[in-house]
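Given next are the chains, with one letter for each unit.
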Amino acid sequence: MEKSSRLLELKNIYKGFFGIKVLKSIDLDIKPAEVHVLLGENGAGKSTLIKIMTGAYSKDEGEIYWEGKKVEINGPSDAMNLGIATIYQELNLIPELTVYENMFLGREIKSNGRFSLLNRREMKKKAVECLKLVGQDISPDQKVSLLGIGKQQLVEIAKALTMNAKLIIMDEPTASLSESEVEQLLQTVEELRKRGIAIVYISHKLEELKRIGDRITILRDGSKVETLPVKEVSTDQMIKLMVGRDLDEKYPKENFMLGDEGLRVEKLRLKGSKNEISFTAYQGQILGISGLVGAGRTEVARGIFGVDLIESGKVYVFGQETNIKSPKDAINAGLAFITEDRKSEGLILDQSLEFNMTIASLERFKKGLLIEPAQMKKKAENYIKELQVRPGDIGKHARKLSGGNQQKVVIAKWLATEAKVFIFDEPTRGIDVGAKVEVYRLINSLVQNGAVVIIISSELPELLGICDRILVMNEGEITADLLREEADQEKIMKAATGGM
Ligand SMILES: Nc1ncnc2c1ncn2[C@@H]1O[C@H](COP(=O)(O)OP(=O)(O)OP(=O)(O)O)[C@@H](O)[C@H]1O
Ligand SMILES: [Mg+2]
């Protein structure tokens with residue numbers, strides 16, 4: 001084999017945690033200037049595998065070759081020295097620092113003089129150059145905290161370019177981006193490939209993989225299933241290879257009887273907003289809320305749930321006026337809010353799954369004692385089973401679960417509360433295609449049992465697939481209210497962009 005055909009090669013990689021093997025005999029090779037896609041169910045081992053490439057984890061067995069030479073990657077600096085940069089599932093920039101400070105953190109350029117002062121001018125100049133390569137004209141002096149998540153992602157990529165990375169690894173980079181940001185990122189990936197940089201790309205969004213991937217490696221239960229040219233596999237085949245079976249329907253939709261008014265929001269005005277929001281959600285009618293990222297959907301949910309204080313307006317739950325001043329009040333009123341950001345709002349990472357799944361419910365059942373905590377725990381365990389949370393051991397700390405499995409725990413925690421009204425914010429973000437179907441089935445059964453369900457989602461096919469009615473928001477206002485029969489992609493996009 002000629003030397004130049006392989007940039008990175010992994011041979012026979014094994015990795016286990018406390019005796020449990022999560023990677024088994026993995027062989028993988030990355031060519032220069034290719035986009036190599038990793039696909040697999042939640043917990044299949046994708047993030048673990050790339051952490052071995054980046055020195056975040058050490059392998060138990062196996063060999064790593066870089067440009068044909070055997071190497072050991074014992075820590076992040078080894079990877080960096082080889083030319084491997086990573087953009088992790090969770091961003092790693094420091095919000096209080098500026099863009100260029102972040103880009104050169106720990107690798108500051110110094111002047112040659114006696115005192116080796118920081119050469120800020122040089123760093124800023126390089127920062128601007130690299131930002132340009134990712135299509136950004138952000139000022140290097142901008143504070144990172146003021147940038148949206150999409151821009152931060154691009155700053156991370158620009159940072160990788162300042163290190164002259166030959167391989168950039170991206171773990172679910174588009175999971176929390178808006179549509180235009182996704183487009184920008186995908187174009188940047190294509191641009192990087194043209195410049196000869198190899199990319200390892202993880203995503204659960206199959207369309208994305210089809211568009212930018214050159215080769216795809218599919219993992220299942222810690223083993224490699226196959227590596228194939230992306231052109232040669234259909235989306236259905238991808239699913240079959242990763243799940244191990246055909247997936248008959250992506251959006252299981254059931255028809256329900258329209259029931260009572262469940263949640264009525266009247267002239268809700270958020271602090272600092274001039275708009276008023278009013279809508280009613282009913283039993284038997286799954287209500288979707290669509291809109292671009294930043295349209296104010298999450299803010300409305302936070303206002304209803306008492307996370308943020310509202311300026312004015314009323315919220316009724318099954319006809320009863322509420323006075324919600326905190327999430328605790330909201331839970332007592334029968335609401336559940338499944339947040340999009342599992343890390344900061346959904347989970348306590350260094351606590352067990354059991355702890356995480358019962359905190360929301362214990363509060364709720366303390367007063368009436370409608371249910372024994374033990375019984376509730378059993379209920380949570382059932383949800384864990386239904387959602388296929390792996391590992392399903394409720395004593396495990398949340399930190400030890402894969403990203404998608406953490407998301408499932410957040411969902412289970414709220415399902416166990418037996419709330420009357422559920423607000424899901426991006427419920428399937430980071431969840432693999434097979435588990436998504438399970439989430440939809442559970443949502444259906446909630447509705448079947450009389451709960452009111454509201455789903456905020458940026459994935460239009462998801463909303464069109466499972467909702468009975470869709471509200472569209474734009475700049476803090478509801479701009480459309482469409483029944484399932486009348487809703488389509490075009491109408492929603494139009495209302496979401498203010499009718500342009
Ligand atoms: N630090 C850890 N300690 C114990 N187990 C771990 C640790 N990190 C990962 N695991 C386990 O390794 C397995 C693979 O996890 P990994 O994060 O690689 O999955 P993934 O394919 O990235 O999934 P997802 O799509 O959900 O992000 C999982 O079973 C997970 O629970
Ligand atoms: Mg992962």
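This is a predicted model, so every value here is computed, not measured.

## Describing helix α14 (residues 403-415)
Residues three or four positions apart in an α-helix share a direction because the helix packs 3.6 residues into each turn.
Move 1: Spanning 13 residues, α14 covers 19 Å between terminal C-alpha atoms, matching the ideal 18 Å at 1.5 Å per step.
Move 2: Judged by how many residues are buried, α14 sits mostly within the fold: 13 of 13 residues are covered.

## A short note on the site of ligand 1
Move 1: Around ligand 1 there are 21 residues in total, and K46, T48, K400, S402 and G404 lie nearest to it.
Move 2: A distance of 2.9 Å is found between an oxygen atom of ligand 1 and a backbone nitrogen or oxygen belonging to G45.
Move 3: Between a nitrogen atom of ligand 1 and a side-chain N or O atom of Y57, the distance comes to 3.3 Å.
Move 4: Bound to the protein, ligand 1 loses 89% of the 640 Å² it would expose on its own.
Move 5: Broken down by secondary-structure element, the contributors of at least two residues to the shell around ligand 1 are α1 (46-53) and α14.
Move 6: The class makeup of the residues in the shell around ligand 1 is six nonpolar, 11 polar and four charged.

## Here we look at the domain arrangement of the chain
Move 1: Domain parsing of the chain yields domain 1 (3-243) and domain 2 (261-496).
Move 2: The C-alpha centroid of domain 2 is placed 32 Å from the C-alpha centroid of domain 1.
Move 3: Summing both sides of the interface, domain 1 and domain 2 together bury roughly 1400 Å²; the carbon and sulfur share of this comes to 52%.
Move 4: Inspection of the domain 1/domain 2 interface yields one salt bridge.
Move 5: For R390, the salt bridge goes to E41, with nearest N and O atoms at 4.0 Å.
Move 6: At the junction of domain 1 with domain 2, the criterion picks out four residue pairs in polar contact (both at pLDDT 80 or more).
Move 7: Its residues placed into classes, the side of domain 1 that touches domain 2 shows seven nonpolar, seven polar and six charged.

## Topic: helix α13 (residues 373-386)
Move 1: Over its 14 residues, α13 extends 20 Å from the first C-alpha to the last, a length consistent with the 20 Å expected when each residue adds 1.5 Å.
Move 2: All buried positions along α13 are accounted for by M376, A380, Y383 and I384. Buried residues along α13 cover an arc of 105° about the axis, so they all sit on one side. Along α13, exposed side chains directed more than 90 degrees from the buried face belong to A374, K378 and K385.

## Some details on the side chain of S203
Move 1: Tracing the backbone through its elements, the reader meets S203 in the loop between β8 (198-202) and α7 (206-212).
Move 2: Its relative accessible area of 3% is what places S203 among the buried residues.
Move 3: Among the polar contacts made by the side chain of S203, one reaches the main-chain amide nitrogen of K205 at a distance of 2.9 Å.
Move 4: Within the structure, the side chain of S203 is placed 3.1 Å from the side chain of E208, a separation counted as a polar contact.
Move 5: Look past the residues within four positions of S203 in its chain and what remains in contact with it is L38, L39, E172, T174, E208 and L209.

## Points about the nonpolar core
Move 1: Membership of the largest hydrophobic core comes to 79 residues, with the highest contact counts inside it found for L263, F279, I304, F422 and F424.
Move 2: No other element matches helix α15 (residues 433-448), which puts seven residues into this core.
Move 3: Apart from the residues lying within four places of it in its own chain, the contact partners of I304 are L263, V265, L268, F279, V315, I324, L335 and I423.
Move 4: In this structure, A158, A165, I197 and L209 belong to the second largest nonpolar core, which totals 52 residues.

## Structural notes on the packing of helix α4 (residues 120-133) against helix α5 (residues 149-162)
Move 1: Their axes nearest at 8 Å, the elements α4 and α5 cross at an angle of 120°. As the angle between them shows, α4 and α5 are arranged oblique. Judged by the sense of rotation from one axis to the other, the crossing of α4 with α5 is right-handed. Note on element contacts: α5 touches α4 through V155, A158, L161 and T162, opposite K126, C130, L131 and L133.
Move 2: Looking at side-chain class alone, the contact of α4 with α5 contains six nonpolar, one polar and one charged residues.

## As for the environment of G434
Move 1: Inspection of the secondary structure assignment puts G434 in helix α15.
Move 2: The buried category is assigned to G434, whose relative accessible area is 5%.
Move 3: A C-alpha to C-alpha distance of 16 Å links G434 and K46, two positions 388 residues apart in sequence.

## Description of the sheet that holds strand β13 (residues 287-291)
Pairing between sheet strands relies on hydrogen bonds along the backbone, with the strands arranged either parallel or antiparallel.
Move 1: Across the sheet, which stays open at both edges, the six strands sit in the order β16-β17-β18-β13-β19-β20 with mixed pairing between neighbours. Only two strands of the sheet have a single neighbouring strand rather than two, namely β16 (335-338) and β20 (477-483). In this sheet, neighbouring strand axes are inclined to one another by 15° on average, regardless of whether the strands run parallel or antiparallel.
Move 2: Sheet analysis places strand β17 (residues 421-425) next to strand β18 (residues 452-456), joined by five bridges and oriented parallel. Bridging across to β18, F424 finds its partner in I455.

## A closer look at the packing of aromatic side chains
Move 1: Taken as a whole, this structure holds five aromatic pairs when the rule is applied.
Move 2: Between Y251 and Y440, the aromatic rings sit 5.6 Å apart at their centres with planes inclined by 35°, giving tilted as the arrangement. Remark: Y440 occurs in helix α15 and Y251 occurs in the loop between α8 (235-243) and β11 (261-270); sequence separation between them is 189 residues.
Move 3: Judged by relative accessible area, which is 26%, Y251 ranks as partly exposed.
Move 4: Here Y440 falls in the buried class, since its relative accessible area comes to 3%.
Move 5: One aromatic cluster is present, formed by F305, F337 and W414 through successive ring pairs.

## Regarding the side chain of Q152
Move 1: You can see Q152 is positioned in helix α5.
Move 2: Ignoring any residue separated from it by four or fewer positions in sequence, one finds Q152 in contact with L91, L93, V144 and L147.

## Quick look at unusual backbone geometry
Move 1: In this chain, R390 is followed by P391 through a cis amide linkage whose omega measures -5°.
Move 2: Here P391 lies in the loop between α13 and α14.
Move 3: The residue K267 is not glycine, and still its phi comes out positive at about 45°.
Move 4: Here K267 shows up in strand β11.
Move 5: Backbone geometry places E426, a non-glycine residue, at a positive phi of 50°.
Move 6: Residue position: E426 is located in the loop between β17 and α15.

Analysis parameters
- Residues numbered from 1 in each chain as written.
- Chains lettered and ligands numbered in written order.
- Predicted model: local features only at pLDDT ≥ 70, side-chain atom pairs only at ≥ 80, totals over all residues.
- Heavy atoms only, no water.
- Helix = DSSP H or I, 4+ residues; strand = E, 2+ residues; numbered from the N terminus.
- Expected span 1.5 Å × (residues − 1).
- Buried < 20%, exposed > 50% of the residue type's maximum accessible area, 1.4 Å probe, protein only.
- Near = heavy atom within 4 Å.
- Polar contact = N/O pair within 3.5 Å; in protein donor to acceptor, adjacent residues only side chain to side chain.
- Areas by Shrake-Rupley, 256 points an atom, 1.4 Å probe, with all protein chains shown as cover.
- Nonpolar A, V, L, I, M, F, W, Y, C, P; charged D, E, K, R; others polar.
- Domains from an automatic or database assignment.
- Buried area = accessible area lost by both parts, 1.4 Å probe.
- Salt bridge = Lys/Arg side-chain N within 4 Å of Asp/Glu carboxyl O.
- Arc of directions from axis to C-beta.
- Contact = heavy atoms within 4.5 Å.
- Core = buried A, V, L, I, M, F, W, Y, C linked by side-chain atoms within 4.5 Å.
- Axes fitted to C-alpha atoms, helices over the stretch in contact; angles between N-to-C directions.
- Parallel < 35°, antiparallel > 145°, perpendicular 65-115°, else oblique.
- Left-handed = near helix turned anticlockwise from the far one by under 90°.
- Pairing = 2+ DSSP bridges.
- Phe/Tyr/Trp six-rings, centres within 6.5 Å; stacked < 30°, edge-to-face > 60°.

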